[in-house]
Amino acid sequence: MLMQHYHGHIPPESVPLVLQKPDEVLFVFDDLDQSRSSLDPSIHTLCSDSSQAASVPCLLASLLHRSLLKGASFVVATRPTGSLEFLKGTWVEMLGFLKPQRETYFNGFFTDPAAANKALIHMERTLGFYDFSTSPRFCWTVCSVYKSLMNAGAELPETLSQLYVEILVHLIQALSLSEACSRELVLALGRIALCCSLDQHSRCTKEEMNFFDFQQFLNSVDVFLQVDGDLESDTCVFSFHSMLMQEFILAVSFFLDKSTSEGVEKMLEKHKGHAKFLDLFLSGLLEPLQRRPLETLLGEFNSDRIMDFKHWFLTSLEATLKGCDKDEHSHYFQLLQQAQSKSLVKEITTPSALGFSYAPLSLQDCVALNYVITCLGEMEQLNLFRILNLTEEKAEVLAPAMSLSCKIILTYSTLSTGAVSHLASAISRGITKELDLSNTGLTDDIFSILCTGLRSCKLHRLNVGGCQLTSGDDLMVVLTSPTSHLCVLEMRFNQLGDQSFIKLCKALHSPHCKLQELGLQRCELTAASMEAFSAALCSGQSQLRKVNLTENTIGDSGVEALCKSLQHPLCKLQSLNLFGTEMTGACCRHLMEALMSEHCSLTELDLSVNDLGQEGALLLCQALGRPGCPIEKLELARCELTQSVFKELGSVLRSGTSQLKSLTVGLNEVGDQGVKHLWDAVAHPHCLLEELDVEMTGLTDVCVEDVCAAITASKTLKSLEMRNNMLTDASVPALVKVMQDSDNMQEMNLKYNDFSEDAFDLLEECDKIRY
C-alpha cells in the first residue's frame, strides 16, 4: 500500500483502522508545492475505493477533495500557495521571521550588539527582499556565515550568489579533500541536483546515487543531503537540505563540467519552471572575482561554458530591453545585480531610459534597478509610471538611482509620506532637472515635505498637475529661494483658488524667482486674482514667458486686467492660453489695444472656446493686420466666427505685414464659402502660414479645387488639419496627388470624413495623409 511504501513507521495492522475510521486520521502534507501535481479535480478521475489502483497524483487529489477516506483531516504546508487554489478549507498564513523577528534573532545570535546591528543591516540590504529571508533556518545560515567572516575580518557577501559561494567553500573545506576529490564531489552533487530538479518529488534513490558515482562520498552525505530512511537500505532516498543549495550546486557543476554536450540555453530550457534561481546563480558565477574562492578549491571553471553563458546573457537581455515586459526587465536587472560587474552593465545597457511601469514594484525590483543605474553613473530618464506601492523602504533603496536621474517620471504612482521624504532628499543632492508627479494625489502636507528638497536643487521642471494641492505657501518659499532653479511649473487641475494664487504671485516679484512657464489649467481662478497676476507680470522681476489659464472663469474683467500687463514694457509674456475662460467679444477691444502696443511681446495666443462673435473677432483682426504685431500662432476654435471674420482673416494673411505662421479656426461652421477666403490667402505669396486647422468647418468636395490650388501655390504650408468635415471619395484622388507632388506639405489629416473603405486603399498610397 502507498502509505506503507513511503512511511515504514505505519505498522500493517494499523492500516485497516485507518480505512475503517478515517475521521480519526490526520494527514500531514509538507511541501505540497514540491509534488508538482495539479490538484484540479477536472483533470483527475477521483477515486473513492481505497483498494482501487491509482496514480499518486490521483490519490492525492482524491484525498484532498474528500472523495477518498471521507472524514479524514488534513494539514497542508506549501510555499507558494498556488497549489491550493482548487481546495476549500481554513488557511493559516505562516509569516516566519519578519523584520522585527529577524532583529531579535540576530541580537540573540551575536553577543556583540554592534556586530548584530552590522550583520542585520547588511542582511536586510542585500537579502531581506527575498521571501525565504523569513525562514528561521535561512536566518541561522546567514548569521553563521556572517559571524565566521566577521571574525576573520573579511567582507560580507553582497549577493545571494556570494553567500552560497561562502557556504559551499566552508562545507568543502571542512571535508579536507584534495582538489581533484573536491571537484569530483561537486560534479557528483551536480548530477544529483540535476536528478532532483527534474524529479517530481525533488529526490533521488540510492541506486541513482551509485550511478552518479557518489558512493565514495557516502560518509559525508549528510553535509549536503538529507537522507530519508536507513542509509544501508536500498529504499532510502536523498534530497538537498534546501532548493537554493540544490540550484547553486547545479550552477557550479555546469561551469565545472568540461564536456560540451549541452549549452546554457538548452540547460535553462530543461529546468524552466523547476529551478527559479538557476540563472541568477549562473550570473553570480560569471565574474572571475566572485568564483575565485571556488576555483581555488575545485580548479578552473570551463571557459567555453562561461563564454556560452555570457553570450546567452548579452543576446537575451538585448532582446528583452527592446520589449515592454516588466517582469522580464526586472529579472534581467536581477541577473546583472548578481553578476556584480559594472563593465557588464555598461556593455549591455545605455543611460537613456530605464524603469518599470503599470506594475507592482517589489523591493527586489528596487534593489536590482538601483544597482544597474548606480553602475551607469547617470540616467537620462527613470520611468516609474503608475507604480502603485512606492513605500518608504522602496524609495530609500531607489534614492541613489533617483539622485543620478536627469528626469524622474512618477505619474499616476502612489507614494507614501516616507517615500516623498526620500525623493526630496535625492532631488536635493542629485542631478535631477525634471520631475513629473502629476496625478499622484499629493496633498499639501506631503507636498510640503517635497518642497524641503526643492529649495536647493538643480530641478528645472516640476509637474504636480492633477494632485490635491490647495496652498501656495510652500511653493512661494521654493520660488523665492536663491538656490532654486525651477523655471517650469505645471499645476493644472489643482484647487488653488484665488487666495493661494495671489500668494504665488508675490513670489513672481522676487528677484530670485526664475519661473518662465506656468500651467494653471482649471485651478479655480477668477477675475479676483488677475489684478495681482497682472501686477506681478509688470513688476520687472517676473521672468514668465508662457502662461496657461485654460478653463478658469476669469471672464472679461480678468482678461482686461491681463491686457494691461501685455502693454507694459517690463512684461515678458510670449504665450498666453485663455481657452474656455468665459471671455466674450466685449473684451476684444482691450485685447486689440494690447496687441497693437509697441511693448507687446506676445507671439502665441489661444482664445478657443470663447464666445467672441463677429464683432469681437473683427477687432482682433485689426490688431493682427497692424505692422509689427508679434502674433505668430493664433487659435480661435469654436469662437462663433462668421464668414465675414474668415474674409478679414484672409486679408490679414495676404497683407504682407502679418507674422502668422499657425492658425486654428476649427469648429466654426462657415462652410466652403467662408473657408475659401483662407485658401485664397494661403495661395498668396505674402502668406507665411505653415499650419492651418479647419476641422469641422462644414467643408465638402466643393472646396477641393481651392485646397489643391492653395497647396500647389504655397511655399510655406506644411500641415493641414481637415478632419471631421464632409469630404467624400470623390475628393480623394486630387488630394492624394497634390500631397504626393508637394515638396512643402508634410501632413494632411482627413480623419472622420465621409469616406468609404474603397477610398482607404488610395489614401494609403500617400504616407503624408492621415485618414
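Residues numbered from 1 in each chain as written. Predicted model: local features only at pLDDT ≥ 70, side-chain atom pairs only at ≥ 80, totals over all residues. Heavy atoms only, no water.

1. Things to note about the overall build of the protein chain
The helix and strand inventory of the protein chain stands at 32 helices and 21 strands. Here the C-alpha radius of gyration of the protein chain, 37 Å, is well above what a compact globule of 771 residues would show, namely 28 Å. Each of the three principal axes of the protein chain carries a C-alpha extent, and together these read 105 × 65 × 55 Å. Evaluated residue by residue, the protein chain yields a buried proportion of 51% over its 771 residues. In the protein chain, 79% of the contacts between residues at least 6 apart in sequence involve partners at least 24 apart. Surface summary for the protein chain: the accessible area is close to 35100 Å², and the carbon and sulfur share equals 50%. Within the protein chain, the 97 negative side-chain charges are centred at a point lying 5 Å from the centre of the 61 positive side-chain charges. (Helix = DSSP H or I, 4+ residues; strand = E, 2+ residues; numbered from the N terminus. Rg over C-alpha atoms; globule rule 2.2 N^0.38 Å. Buried < 20%, exposed > 50% of the residue type's maximum accessible area, 1.4 Å probe, protein only. Contact = heavy atoms within 4.5 Å. Areas by Shrake-Rupley, 256 points an atom, 1.4 Å probe, with all protein chains shown as cover. Lys, Arg positive; Asp, Glu negative; His and termini not counted. Charge placed at Lys NZ, Arg CZ, Asp CG, Glu CD.)

2. Examining the packing of aromatic side chains
Under the definition given, this model contains 25 aromatic pairs. With centroids separated by 5.1 Å and ring planes inclined at 75 degrees, the aromatic side chains of Phe248 and Phe281 adopt a geometry described as edge-to-face. Linking Phe248 in helix H11 (residues 243–256) with Phe281 in helix H13 (residues 278–284), this pair joins segments that are 33 residues apart in sequence. For Phe281, a relative accessible area of 1% puts it in the buried group. Aromatic side chains Trp312 and Tyr332 sit 6.2 Å apart centroid to centroid with 40 degrees between the ring planes, which places their arrangement in the tilted category. Of this pair, Trp312 sits in helix H15 (residues 303–322) while Tyr332 sits in helix H16 (residues 326–339), and the two are 20 residues apart along the sequence. (Phe/Tyr/Trp six-rings, centres within 6.5 Å; stacked < 30°, edge-to-face > 60°.)

3. With respect to the pattern of salt bridges
Per the counting criterion, the structure on display carries 20 salt bridges. Salt-bridge contacts for Asp473 lead to Lys503; the nearest nitrogen and oxygen are separated by 3.1 Å. Of this pair, Asp473 sits in helix H22 (residues 473–479) while Lys503 sits in helix H23 (residues 497–508), and the two are 30 residues apart along the sequence. The residue Arg723 makes a salt bridge to Glu721 at a minimum N-O spacing of 3.2 Å. Exposure remark for Glu721: the relative accessible area of 14% places this residue in the buried category. Beyond isolated ion pairs, a larger network of salt bridges with shared partners links Lys326, Asp327 and Asp365. (Salt bridge = Lys/Arg side-chain N within 4 Å of Asp/Glu carboxyl O.)

4. So, unusual backbone geometry
Only a minority of non-glycine residues have a phi that is not negative, and only a minority of peptide bonds are not trans. Phi angles above zero are rare outside glycine, and Ser176 is one such case at about 55 degrees. Following the sequence through the fold, Ser176 ends up in the loop between helix H7 (160–175) and helix H8 (179–198). Although it is not a glycine, Arg386 sits at a positive phi angle of roughly 55 degrees. With respect to the helices and strands, the residue Arg386 is situated in the loop between strand E7 (379–383) and helix H19 (392–403).

5. Remarks on the environment of Leu544
Examined against the element boundaries, Leu544 turns out to sit in the loop between helix H24 (530–537) and strand E13 (546–548). With a relative accessible area of 1%, Leu544 lands in the buried category. Separated by 171 residues in the primary sequence, Leu544 and Ile373 have C-alpha atoms spaced 35 Å apart. With residues up to four places along the chain from it excluded, the contact list for Leu544 reads Leu508, Leu515, Gln516, Glu517, Leu518, Phe533, Leu537, Lys572 and Leu573.

6. Examining the pairing of E7
Here strand E6 (residues 353–355) pairs with E7 via three bridges, running parallel. In the sheet register, Leu354 faces E7, and the bridge partner there is Leu382. A crossover links E6 with its parallel partner E7, the connecting element being helix H18 (residues 363–376), and its sense is right-handed. Both E7 and strand E8 (residues 405–409) contribute to a ladder of four bridges, which runs parallel. The partner of Leu382 across the bridge, within E8, is Ile408. Taken together, E7, H19 and E8 constitute a β-α-β crossover, and its handedness is right-handed. (Pairing = 2+ DSSP bridges. Right-handed = clockwise from strand over helix to strand, strands pointing away.)

7. Some points on the side chain of Ser405
Along the chain, Ser405 falls in strand E8. Judged by its relative accessible area of 0%, Ser405 falls in the buried class. Every residue in contact with Ser405, bar those within four places of it in the chain, is listed here: Met379, Leu382, Ile431 and Thr432.

8. Some details on the environment of Val670
Checked against the element boundaries, Val670 lands in the loop between strand E17 (662–664) and helix H29 (671–683). Residue Val670 is classed as buried on the basis of its relative accessible area, which comes to 6%. C-alpha separation for the pair Val670 and Val694, spaced 24 residues apart in sequence, amounts to 10.0 Å. With sequence-adjacent residues up to four places away left out, Val670 is seen in contact with Leu641, Thr642, Gln643, Phe646, Val675 and Thr697.

9. Here's the deal with the sheet that holds strand E3 (residues 204–205)
Hydrogen bonds along the backbone pair up the strands of a sheet, which may run parallel or antiparallel. Spatially, the three strands line up as an open sheet ordered E3-E5-E4, and their pairing is antiparallel. At either end of the open sheet lies a strand with only one pairing partner, and these are E3 and strand E4 (225–228). Sitting on the sheet, H8 touches E3, E4 and strand E5 (237–240), and the angle it makes with E5 is about 95 degrees. (Axes fitted to C-alpha atoms, helices over the stretch in contact; angles between N-to-C directions.)

10. A short note on the nonpolar core
In terms of nonpolar packing, the biggest core is built from 234 residues, with Leu160, Phe533, Leu549 and Trp679 touching the most fellow members. Not counting chain neighbours up to four residues away, the residues in contact with Leu549 comprise Leu520, Leu525, Met530, Phe533, Ile554, Leu562, Leu576, Asn577, Leu578, Phe579 and Thr581. (Core = buried A, V, L, I, M, F, W, Y, C linked by side-chain atoms within 4.5 Å.)

11. Section: the packing of H7 against H11
Between two packed helices, both the angle of their axes relative to each other and the distance between the axes serve to describe the pair. Where H7 meets H11, the closest approach of the two axes is 11 Å, and the angle between their N-to-C directions is 85 degrees. Comparing their axes, H11 and H7 come out roughly perpendicular. Here Leu160, Ser161, Tyr164, Val165, Ile167, Leu168 and Leu171 of H7 lie close against H11, whose contacting residues are Leu244, Met245, Phe248, Ile249 and Val252. (Parallel < 35°, antiparallel > 145°, perpendicular 65-115°, else oblique.)

12. Describing a negative patch on the surface
Among the surface-exposed residues, Glu757, Asp758, Asp761, Glu764 and Glu765 lie close enough to one another that they form a single negatively charged patch. Following the sequence through the fold, Glu764 ends up in the loop between helix H32 (757–763) and strand E21 (769–770). (Patch = residues over 30% accessible without salt bridge, like charges linked within 9 Å, V, L, I, M, F, W, Y side chains within 5 Å.)

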